[in-house]
Amino acid sequence: MAEIRRPLSAVERWYWLSDQFSALNVISRVRVHGQLSIDDLRRGLDALQARHPLLRARIEHDAGLDPRWVPCERPIPLREVRGGDEEQWLREINERELPERIDPDSGPLIRTVAIATDAGAHDLLVVVPHIIADGTTVLTLAEQWLTLAADPAAQPWTASALPPAEDLRPRRFTGDEGAARLAEQTAQDEALVGRHRPGRIEPSNPVPLEARRTRLLHRELDGAQLEQLQRRAREHGTTVHGALTAALAIAAGHDHQRRPSHIAIGSPIDFRDELEPPVRPDEVGTYVATVPVVLDIARPFWEVARALTDDLGERRRQGHHFNLVTLVASAAPRCMADARPFMAFMEAEGPINLCSSNIGRYPFPERIGALRLSDAQFLTGISVNGYFVAAINSSHGRLFWNFTYIDGAVPGERAERLAEDCLGTLLSAIHAPQRSALEEQ
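Looking at this structure, I do not really get the side chain of Arg56. What am I missing?
Structurally, Arg56 can be placed in the loop between helix 2 (38-51) and strand 3 (57-62). A residue is classified by how much of its surface remains accessible, and Arg56, at 7% relative accessible area, is buried. A polar contact is formed between the side chain of Arg56 and the backbone oxygen of Ala50, at a distance of 2.8 Å. A polar side-chain atom of Arg56 sits 3.3 Å from the main-chain carbonyl oxygen of His52. Residues contacting Arg56, with those up to four places away along its chain left out, are Met1, Ala2, Glu3, Gln49, Ala50, Arg51, Val70, Pro71 and Cys72.

Structure (structure tokens):
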């Protein structure tokens, strides 16, 4: 059985440091209908842990320096919650799973929850720090867990102990050429921000880094709304992600005190399939990088959506996501003493603290064995990496739109307004011609 023994990569170290200030968990939720025993779930977790080296690891360090992966023998925790209504999963996430950190010193870097609802179904939660997970990771772990619980002989493969993602970058994004690409992008983005002075999410109250707590608001589109969104996006030459992100940017503009004409927003790009060699979607790890886009929200809605799609596509073609990996590898702090001023600078001067994280359609099975599945979705904590994030995926014929925010910096009532404005802007756009964002203010 392969074990992982290596230093944390720069990206892993960045998330490890962020997580020490405030929990930075990524969470999946799936609803299960059918006979499901805790013994089966336990067996499935043990098989899942045996499959992935990073689920059998913890982080060892010397008083906060030189963090490294070493093997961990502790089993994956499984917490049972008995008797809950349709909203119990939301309460568990808000009260425990988002604010409570997983201790990487003891490991493993994963925990799970099985919620038995009053209606006879189960909601399963998989919680993993961003150190080793993104949205795709936690959804595929939930799928693998259920598959192994339903059929212990299923998918008899074992994951390898992969090298760090930055070591798998295409060669043109490393060395001197990679540094030159990063410098060029940095200069372009600084000029763009200087020219447009885009708005960001401004905190209502200052919240110290250690006091930050992520909270969740859940929204979704039903099958008919999702189908209409897909059709209207095609008609207007954009994508579902373009429309969703335009709606969030416009809502952020409405929320901003000075009502800016431009908004800066981040979009994570999944780069698994661009690595050399490519990394499978069902491998454990974080393989996304968030790139900034500056949107002119004074334009009509579908023009904003097209601009986002075009800009993001060009940034992907130019490898801006790998430039960000290069930046983290070269500039990320190495210890907590260096992290605080670095994070304070990023908060004050960084281009984005608003993010639209969309992994698109995740083909979660509708059945595994005798189990019927629904509501497969993900969400993410924020920690020190922003104030308001939309985590999006479509599965089982619906689109799940999970908004997370830093409590206090964005008070609950304000977060509700942002989420409702975002949803209302999108529904208005897909049902009727859209006036410009400024005309609606």
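Would you take a moment to explain the side chain of Arg232 for this structure?
Summarising the element assignment, Arg232 is placed in helix 6 (residues 223-235). In this structure, Arg232 is in contact with Trp302, Ala429, Ile430, His431 and Ala432, ignoring residues within four places of it in sequence.

How should empty space enclosed by the protein be read in this particular structure?
A water-sized probe rolled over the atoms picks out the places where empty space is left. Following the criterion strictly, the structure yields one cavity of 30 Å³ or more and no others. For the largest cavity, the lining is made up of 22 residues, of which Glu12, Leu54, Val284, Gly285 and Tyr287 are closest to its centre. Here the residues of the lining of the largest cavity sort into 13 nonpolar, five polar and four charged.

Explanation requested: the packing of aromatic side chains in the structure shown.
For any pair of aromatic rings, the description consists of the separation of the ring centres together with the inter-plane angle of the planes. What the rule picks out here adds up to eight aromatic pairs. Their ring planes at 50° and their centres at 5.3 Å tell us that Phe271 and Phe322 sit as a pair that is tilted. Here Phe322 lies in helix 9 (residues 320-331) and Phe271 lies in the loop between strand 9 (262-270) and strand 10 (288-296), a separation of 51 residues in the sequence. Accessibility assignment for this pair places Phe271 and Phe322 in one class, buried. A ring pair is formed by Tyr362 and Phe364, whose centres lie 5.9 Å apart and whose planes are at 45°; its orientation type is tilted. No difference in accessibility class separates Tyr362 from Phe364, as the two residues are buried. Among the aromatic residues, those joined into a ring-pair cluster are Phe173, Phe271, Tyr287 and Phe322. Of note, Arg29 hangs over the ring of Trp89, and the distance from its end group to the ring centre comes to 4.1 Å.

Where do I start with the sheet that holds strand 3 in this structure?
Either a parallel or an antiparallel arrangement is found when strands of a sheet pair, and the pairing is made through backbone hydrogen bonds. One open sheet accounts for three strands, arranged 1-4-3; its pairing is antiparallel. In this open sheet, the two strands that pair with only one neighbour each are strand 1 (6-7) and strand 3. As judged from the five bridges shared by strand 3 and strand 4 (residues 65-71), these two strands associate in the antiparallel manner. Bridge pairing in strand 4 links Arg58 to Val70.

Explain the nonpolar core here, please?
The biggest cluster of nonpolar side chains holds 65 residues, and the ones touching the most others in it are Trp69, Leu124, Ile132, Leu146 and Phe364. Residue contributions to this core peak at eight residues, all from helix 4 (residues 135-150). The residues contacting Leu146, other than those within four sequence positions of it, are Val30, Val32, Leu124, Phe364, Ile368, Leu371 and Leu373. Within the second largest apolar cluster, 52 residues are counted, among which are Leu217, Leu248, Ile250 and Leu312.

Which parts of the structure should I look at to understand the sheet that holds strand 12 (residues 367-368)?
Strand order in the open sheet formed by six strands is 5-6-7-2-13-12, with mixed pairing between adjacent strands. Each edge of the open sheet carries a strand with a single partner, namely strand 5 (78-82) and strand 12. Here strand 2 (residues 25-33) runs beside strand 7 (residues 122-129); their pairing, made up of eight bridges, is antiparallel. Looking across to strand 7, one finds that Val32 is bridged to His122. Packing of helix 2 onto the sheet brings it into contact with strand 5, strand 6 (111-116) and strand 7, and relative to strand 5 it is tilted by some 155°.

Please explain the packing of helix 7 (residues 240-255) against helix 11 (residues 412-431) as it appears in this structure.
Helix-helix packing is described using two parameters, namely the angle between the two axes and the distance between the axes. Remark: helix 7 packs on helix 11, axes separated minimally by 8 Å, with the N-to-C direction vectors making an angle of 135°. Here helix 11 runs oblique to helix 7, going by the angle between their axes. Where helix 7 crosses over helix 11, the two elements pack in a sense that is right-handed. Contacts between helix 7 and helix 11 involve Ala243, Leu244, Ala247, Leu248, Ile250, Ala251, Ala252, His254 and Asp255 from the first element and Arg414, Leu418, Asp421, Cys422, Thr425 and Leu426 from the second.

What's the story with the pattern of salt bridges in this structure? I'm lost.
When their charged atoms lie close together, side chains carrying opposite charge are able to pair. Per the counting criterion, the structure on display carries 37 salt bridges. The residue Glu97 makes a salt bridge to Arg111 at a minimum N-O spacing of 2.5 Å. You can see Glu97 sitting in helix 3 (residues 88-97) and its partner Arg111 sitting in strand 6, a full 14 residues away along the chain. The exposure classification of Glu97 matches that of Arg111, with both residues buried. One salt bridge in this structure joins Arg272 and Asp270, with 2.6 Å as the shortest N-O distance. Through salt bridges with shared partners, one network takes in Arg29, Arg31, Glu86, Asp123, Glu220, Asp375 and Arg398.

Cut-off values and rules
Residues numbered from 1 in each chain as written. Predicted model: local features only at pLDDT ≥ 70, side-chain atom pairs only at ≥ 80, totals over all residues. Heavy atoms only, no water. Helix = DSSP H or I, 4+ residues; strand = E, 2+ residues; numbered from the N terminus. Buried < 20%, exposed > 50% of the residue type's maximum accessible area, 1.4 Å probe, protein only. Polar contact = N/O pair within 3.5 Å; in protein donor to acceptor, adjacent residues only side chain to side chain. Contact = heavy atoms within 4.5 Å. 1 Å grid on protein atoms, 1.4 Å probe; cavity = no way out; pocket = protein on both sides within 12 Å on 5 of 7 lines; lining within 4 Å. Points joined across faces, edges and corners; volume = space filled by probe spheres on them. Nonpolar A, V, L, I, M, F, W, Y, C, P; charged D, E, K, R; others polar. Phe/Tyr/Trp six-rings, centres within 6.5 Å; stacked < 30°, edge-to-face > 60°. Lys NZ or Arg CZ within 6 Å of the ring centre and 35° of its normal. Pairing = 2+ DSSP bridges. Core = buried A, V, L, I, M, F, W, Y, C linked by side-chain atoms within 4.5 Å. Axes fitted to C-alpha atoms, helices over the stretch in contact; angles between N-to-C directions. Parallel < 35°, antiparallel > 145°, perpendicular 65-115°, else oblique. Left-handed = near helix turned anticlockwise from the far one by under 90°. Salt bridge = Lys/Arg side-chain N within 4 Å of Asp/Glu carboxyl O.

Geometric descriptors of this kind do not, in isolation, establish any biological role.
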